[in-house]
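# A closer look at the structure
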Amino acid sequence: MSARILIVDDEPSICEILTDIVQDEGYTAQAVQSGEAALEIFHQFRPDVILLDVWLGGIDGITTLKKLKQLNPAVGVIMMSGHGTINTAVKATRDGAYDFIEKPFTMEKILLVIRNFLDIAQVSRSLVKPAIVCPPIIGSSAAIRQLDDTIARVAPSNGRVLIQGENGTGKELIARQIHLRSKRAEHPFIAINCAAIPEELIESELFGHEKGAFTGAHQLKTGKFEHAHGGTLFLDEVGDMSLNMQAKLLRVLEERAITRVGALAVIPVDVRIIAASNKRLMDLVEQGDFRQDLFYRLSVIPIDVPPLRQRTSDIPLLAEHFLAQVCAEEGIAPRTMSADAMALLMSAAWPGNVRQLKNVIERMTIMSPNVVIGVADIPTDLLQAESGSTLSNTDEVDLRRAREQFEKRFIEEKLVQCDQNITRAAELMGIDRVHLHKKLKLYGIRK
Ligand SMILES: Nc1ncnc2c1ncn2[C@@H]1O[C@H](COP(=O)(O)OP(=O)(O)OP(=O)(O)O)[C@@H](O)[C@H]1O
Ligand SMILES: [Mg+2]
């Protein structure tokens, strides 16, 4: 699960920039503009890290810090100070702040401080945690049973695995299972989404860079390969890698060593690669968009995850699992699902697969007051998806409003498919993230 970052700054533009930076890194972000708002949202948002401005209107940063630490002493507070408040920021570390950063800050610095805190937090958690918990792969269909079998067999080896399947079918879950059931389980599992990182940054993300390697490389940075040393590197959406990067990756796989951008030294790495793609890589190979030699190197053990609509017998187990999970998380009494409702769920199309099912169950459980969740609680758009989006689904007469209605639904659907990750959803839709943010505001779609 991605770490949750709360941003507190009275300057909306700073909130926006910071939100972008941390979201791009894969964290879940929320921004508020006052100490009061931070305290109010604290229990609901449950942040792991808080970026807190020293100077705030209303109650000031230091008072906010003290109150936040009372709410949860384990939360990591990073103070942000402007000109003239640096002394206050330094003192704040005595009041429980983890660290401080000075404005204007660089993106690297912020991410570094966040990462440092999360690393420490993880270490202290792992000291008390006796065993690594493995989220189970739910399902009783032949496909899932076979999958379980394959995982058990391949996990202990170092063989490269290529997992292919539609969005939301559980590719990442499978990759984590393989890692946790391998001899590398005590070492890191590092995931990188090749589709979410711009072409010019991906090399440095994977291999790291030396200080001064390019404009903006203010300090040395280690890459994901080095982070994953001894463990597993999950290359998600590997089909989106450019041919140029594919060539570099191929070399690393052959040499089992990396070179940081701007460096000469070769650093040996011991990393098991698990790759995933929602596009069929063989098709990309045929189109000339993916190197055949790399394809064969990555797919020593291929795993194909069928879409949910092809294994509907898994739906009841999954639905019950998610239902119990939401009830536990929300602290509500256990609920059940009526047989009719379950049958309807089994007949839906599920273009967003298991992820969509999970989101729908969550929505139904929270929205419905009923102990037994029935047909009436099932969102209508889910059932409409089954019959395709025919014109009769909209009762708008005005073209503009019909278009807006369609656009809103379309965006909501894509967000579900991307697990509410705005950067990825924007990419999927072929629009700019800022543009998508505007649309979300316009249509009042809450993340
Ligand atoms: N068989 C399963 N049992 C339990 N949970 C599952 C199962 N399959 C998927 N999930 C859950 O569904 C969600 C989506 O799964 P995951 O992120 O692994 O999919 P994905 O194939 O990587 O999707 P994408 O291509 O969109 O990245 C996660 O919350 C995951 O835990
Ligand atoms: Mg994934």
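These figures come from a predicted structure and were not determined experimentally.

Right, let's get into the overall build of the protein chain. Scanning the protein chain for helices and strands turns up 19 helices and 16 strands. Here the protein chain has a C-alpha radius of gyration of 23 Å; the compact-globule value for 447 residues is 22 Å, and the two agree. In the protein chain, which comprises 447 residues, the share counted as buried stands at 45%. A fraction of 70% describes how many contacts in the protein chain between residues 6 or more apart in sequence connect residues 24 or more apart. Surface accessibility of the protein chain: about 22700 Å² in total, with carbon and sulfur atoms responsible for 53%.

Bringing the side chain of S182 into the picture now. Counting through the fold element by element, S182 comes out in the loop between helix 7 (171-180) and strand 7 (189-193). Here the side chain of S182 touches H179 through a polar contact of 2.7 Å, landing on its backbone oxygen. Among the polar contacts made by the side chain of S182, one reaches the main-chain amide nitrogen of R184 at a distance of 3.0 Å. Leaving out residues up to four positions away in the same chain, S182 has contacts with A155, P156 and R272.

In this section: the domain arrangement of the protein chain. Taken as a whole, the protein chain is organised into domain 1 (4-128), domain 2 (142-306), domain 3 (310-385) and domain 4 (394-443). The distance between the C-alpha centroids of domain 1 and domain 4 comes to 30 Å.

Glancing now at the sheet that holds strand 2 (residues 28-32). Ordered in space as 2-1-3-4-5, the five strands form an open sheet in which the pairing is parallel. The open sheet terminates on both sides in strands that have one partner only, identified here as strand 2 and strand 5 (99-102). If you compare each strand with its neighbour and ignore which way they point, the axes differ by 20° on average. In terms of strand pairing, strand 1 (residues 4-8) meets strand 2 through five bridges, oriented parallel. Within strand 2, the residue paired with L6 across the bridge is Q30. Sheet contacts for helix 1 (residues 12-24): strand 1, strand 2, strand 3 (49-53) and strand 4 (76-81); angle to strand 2, the most-contacted strand, approximately 170°.

Parameters and conventions
- Starting from 1, residues in each chain are numbered consecutively following that chain's sequence as written.
- As they are written, the chains are lettered A onward and the ligands numbered 1 onward, keeping that order.
- In view of the model being predicted, local features appear only for residues whose pLDDT reaches at least 70, and side-chain atom pairs are presented and counted only at 80 or more, with totals across whole chains, interfaces and linings using the full set of residues.
- Computation of side-chain values: all heavy atoms of the structure, hydrogens and water removed.
- Only runs of H or I of at least four residues qualify as helices and only runs of E of at least two qualify as strands under DSSP, and these elements are numbered from the N terminus.
- For the radius of gyration, the atoms used are the C-alpha atoms, and the globule rule reads 2.2 Å times the number of residues raised to 0.38.
- The classification of residues rests on relative accessible area computed with a 1.4 Å probe and restricted to protein chains. Under 20% of the type maximum is buried, over 50% is exposed, and intermediate values are partly exposed.
- Two residues form a contact once any of their heavy atoms are found within 4.5 Å.
- Using a 1.4 Å probe, accessible areas were evaluated by the Shrake-Rupley method; residue-level cover was limited to the displayed protein chains.
- We define a polar contact as two N or O atoms separated by no more than 3.5 Å, with the added condition that, inside protein, one atom must be a possible hydrogen donor and the other a possible acceptor, whereas residues neighbouring each other in sequence contribute only through side-chain atom pairs.
- Source of the domain bounds: an automatic or database domain assignment.
- For two strands to be treated as a pair, DSSP must find at least two bridges joining them.
- To get an axis, fit a line to the C-alpha atoms, keeping to the stretch in contact for a helix; angles then go from 0 to 180 degrees between the N-to-C directions.

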